[in-house]
Amino acid sequence: RTSSLGRGQDRPLVGARGLRGEARPLIAQRVMGGHGGLNILGQKSWNVYGQEQRAKVRRDEEEFAASNEDPDAGAVPVGASGPAPRPAGHVGELPTAHHVTLAGHEGPVLAARFSRGGSYALTCGKDRTFRLWNPFRGTLIKTYEGHAHEVRDVACTADNSRLATCGGDKQVFLWDVSTGQKIRRFRGHESAVNAVTFAAEDQVVISAGYDRSVRFFDCRSNSSDPIQSVVEWNDAVTCVVTHGGGCRVTGGGVDGSVKTLDVRAGRIHSDELGRPVTSLAASGDGQCLLVGMLDGRMCLLDASDGSVMAEYRGHVSATAKVDARLTLGDGHVVAGSEDGRVVFWELVDASVEVTLEAHPGWVACGLDYHPKRHAMVTSATDGTAKVWLPEGVAGTSFD
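If you're wondering where the values come from, they're calculated on a predicted model, not measured in any experiment.

Let's shift gears to the overall build of the chain. Helix and strand content of the chain: 1 helix and 29 strands. Within the span of the chain, comprising 399 residues, buried residues form 57% of the whole. Total accessible area on the chain stands at roughly 15,600 Å², and carbon and sulfur atoms take up 46% of it.

Have a look at this one:
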């Protein structure tokens, strides 16, 4: 199949064994051509959402706003409920007001993440620590140490009992949240590790590294070696995300490719975008992927066929990795910027709706959006992370 920017290719997934230990077909030959494996086609028109897709977006937003689900489950020592959920899709509901600053890192804060349910925030620092916060009270819960170099990413299980981290020391660690002790050290990466996430009901840790690989580790096994390693990129893999009910794993690389691994089918699909990919995020329904690139551009891709549905411009992303996300209910797109701004775009027409001077004069590299309500956490090279809430809610005390 062919995406709007490059030629997609389906073929068997590399590796001898899958996540459950079943045999996987091996690749008979590489099907990569052109310069660096890229096959760039002429850019087509953007913003190709039709009336049918627009109606679907509105229905999804209305259904999400009407839902009262609360997926959060807490096993962390201190809790916070946060502000009440607010409807999606309205500019006035976006988290544009500064609530609290999370200070304490000695140096740049490279990533900021909410826990799966959103009651806690996690920050990763160049000071070799990562920290657990109550984001609504702005209080530090625990500081974790153990990496020999900077901590680049962190992920949390659904029950908030375990954390996975990765960093510049080539290490991937599994941690016990309450005790702060390492449960497991996973080995296999030959260089710095850029991103980490959980899959398979939090029983598998997935990591992406500078060694051009995405690796899968079984948390239940006594082995520290990966159960599968996928080395399909021509350069460093900068980001990884799961979607499709956890059955699909997508990684973005400096070679300009976005490769999706279908774990059940044992196949890999590649879309070539032509510019280094630095950020990936999946929509709430898993049908779209938001891809950030180093040319100051983001694309919304259809996860099923790789076609480009919209393009977003207006932030600075030329030399640094900055995060981007879809907001609650997928009504807007938000991204950090190398000039310290945070920019919001309307999803369908891709127009810039709000710009925040979040970290003036510094690189706003880390960003995450709350999974249940309109709240956002950002981090930057100024050594701080900040929590943002809608106007009228920010500054309020929460139980």
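This part covers the layout of surface pockets. Approximately 520 Å³ is the volume found for the second largest pocket. Arg-152, Asn-194, Tyr-210, Ala-320 and Lys-321 are the residues nearest the centre of the second largest pocket, which is lined by 23 residues in total. At 3 residues, strand β3 (residues 109-114) tops the list of elements feeding residues into the lining of the second largest pocket. Its residues placed into classes, the lining of the second largest pocket shows 12 nonpolar, 5 polar and 6 charged.

This part is about the sheet that holds strand β24 (residues 332-336). Strand order in this open sheet of 4 strands is β23-β24-β25-β26, and the pairing throughout is antiparallel. If you trace the sheet from one side to the other, it starts and ends with β23 (324-326) and β26 (352-357), each paired once. Each neighbouring strand pair of the sheet contributes to a mean axis angle of 15°, computed without reference to strand direction. Bridge count between β23 and β24: 3 bridges; the pairing is antiparallel. Paired with Arg-325 across the bridge in β24 is Val-334.

A positive phi angle, close to 60°, is found at Asn-160, a residue other than glycine. In this fold, Asn-160 is placed in the loop between β7 (151-156) and β8 (162-167). Unlike most non-glycine residues, Lys-170 shows phi in positive territory, near 75°. We classify Lys-170 as partly exposed; its relative accessible area is 42%.

Right, let's get into the nonpolar core. The biggest cluster of nonpolar side chains holds 16 residues, and the ones touching the most others in it are Leu-290, Met-298, Leu-300, Tyr-312, Val-333, Trp-345 and Leu-347. Mapped by element, the contributors of at least two residues to this core are β20 (288-293), β21 (297-302), β22 (308-313), β23, β24 and β25 (341-346). A total of 3 residues in this core trace back to one element, the largest contributor, which is β22. Discounting chain neighbours no more than four positions away, the residues touching Val-333 are Leu-290, Met-298, Tyr-312, Arg-325, Leu-326, Val-343, Phe-344, Trp-345 and Leu-347. Of all hydrophobic cores here, the second largest spans 15 residues; its members include Ala-195, Val-204, Val-237 and Leu-261.

The next thing to look at is empty space enclosed by the protein. Under the counting rule described, the total for this entry stands at 2 cavities of 30 Å³ or more. In this structure, the largest cavity encloses a volume near 60 Å³. Counted by class, the lining of the largest cavity contains 4 nonpolar, 3 polar and 3 charged residues. As a volume, the second largest cavity reaches approximately 40 Å³.

What follows is about the sheet that holds strand β12 (residues 204-209). Within the open sheet, the 4 strands sit side by side as β11-β12-β13-β14. Their pairing is antiparallel. Single-partner strands in this sheet number two, and they are β11 (193-199) and β14 (228-230). Geometrically, the sheet is characterised by an average inter-axis angle of 20° between neighbouring strands, direction not taken into account. Taken together, the 5 bridges between β12 and strand β13 (residues 214-218) define a ladder with antiparallel strand orientation. Looking across to β13, one finds that Val-204 is bridged to Asp-218.

Within the fold, His-370 resides in the loop between β27 (366-369) and β28 (376-379). Not counting the four nearest positions on each side in its chain, His-370 is found in contact with Phe-114, Gly-117, Gly-118, Ser-119, Phe-136, Leu-328 and Ala-375. Polar contacts involving the side chain of His-370 include one to the main-chain carbonyl oxygen of Gly-118, which spans 2.8 Å. In terms of polar contacts, His-370 uses its side chain to reach the backbone amide nitrogen of Lys-372, at 3.1 Å.

This structure, assessed with the given rule, holds 6 aromatic pairs. Note on Phe-130 and Trp-175: the rings are 5.0 Å apart at their centroids and 75° apart in plane angle, and the pair reads as edge-to-face. You can see Phe-130 sitting in strand β5 (residues 129-134) and its partner Trp-175 sitting in strand β9 (residues 172-176), a full 45 residues away along the chain. We classify Phe-130 as buried; its relative accessible area is 1%.

Under the criterion given, the structure shown has 15 salt bridges. A salt bridge links Glu-150 to Arg-152; the shortest N-O distance between them is 2.6 Å. Residue Glu-150 is classed as buried on the basis of its relative accessible area of 16%. For Arg-152, a relative accessible area of 22% puts it in the partly exposed group. Here Asp-295 and Arg-297 are joined by a salt bridge, their closest N and O atoms 2.8 Å apart. Salt bridges linked by common partners bring Arg-113, Asp-153, Lys-321 and Asp-323 together as one network.

Here Asp-368 shows up in strand β27. There is a polar contact of 3.1 Å between the side chain of Asp-368 and the side chain of Arg-325. Not counting chain neighbours up to four residues away, the residues in contact with Asp-368 comprise Ala-112, Arg-113, Phe-114, Arg-325, Ala-375, Met-376 and Val-377.

How each quantity is defined
Residues numbered from 1 in each chain as written. Predicted model: local features only at pLDDT ≥ 70, side-chain atom pairs only at ≥ 80, totals over all residues. Heavy atoms only, no water. Helix = DSSP H or I, 4+ residues; strand = E, 2+ residues; numbered from the N terminus. Buried < 20%, exposed > 50% of the residue type's maximum accessible area, 1.4 Å probe, protein only. Areas by Shrake-Rupley, 256 points an atom, 1.4 Å probe, with all protein chains shown as cover. 1 Å grid on protein atoms, 1.4 Å probe; cavity = no way out; pocket = protein on both sides within 12 Å on 5 of 7 lines; lining within 4 Å. Points joined across faces, edges and corners; volume = space filled by probe spheres on them. Nonpolar A, V, L, I, M, F, W, Y, C, P; charged D, E, K, R; others polar. Pairing = 2+ DSSP bridges. Axes fitted to C-alpha atoms, helices over the stretch in contact; angles between N-to-C directions. Core = buried A, V, L, I, M, F, W, Y, C linked by side-chain atoms within 4.5 Å. Contact = heavy atoms within 4.5 Å. Polar contact = N/O pair within 3.5 Å; in protein donor to acceptor, adjacent residues only side chain to side chain. Phe/Tyr/Trp six-rings, centres within 6.5 Å; stacked < 30°, edge-to-face > 60°. Salt bridge = Lys/Arg side-chain N within 4 Å of Asp/Glu carboxyl O.

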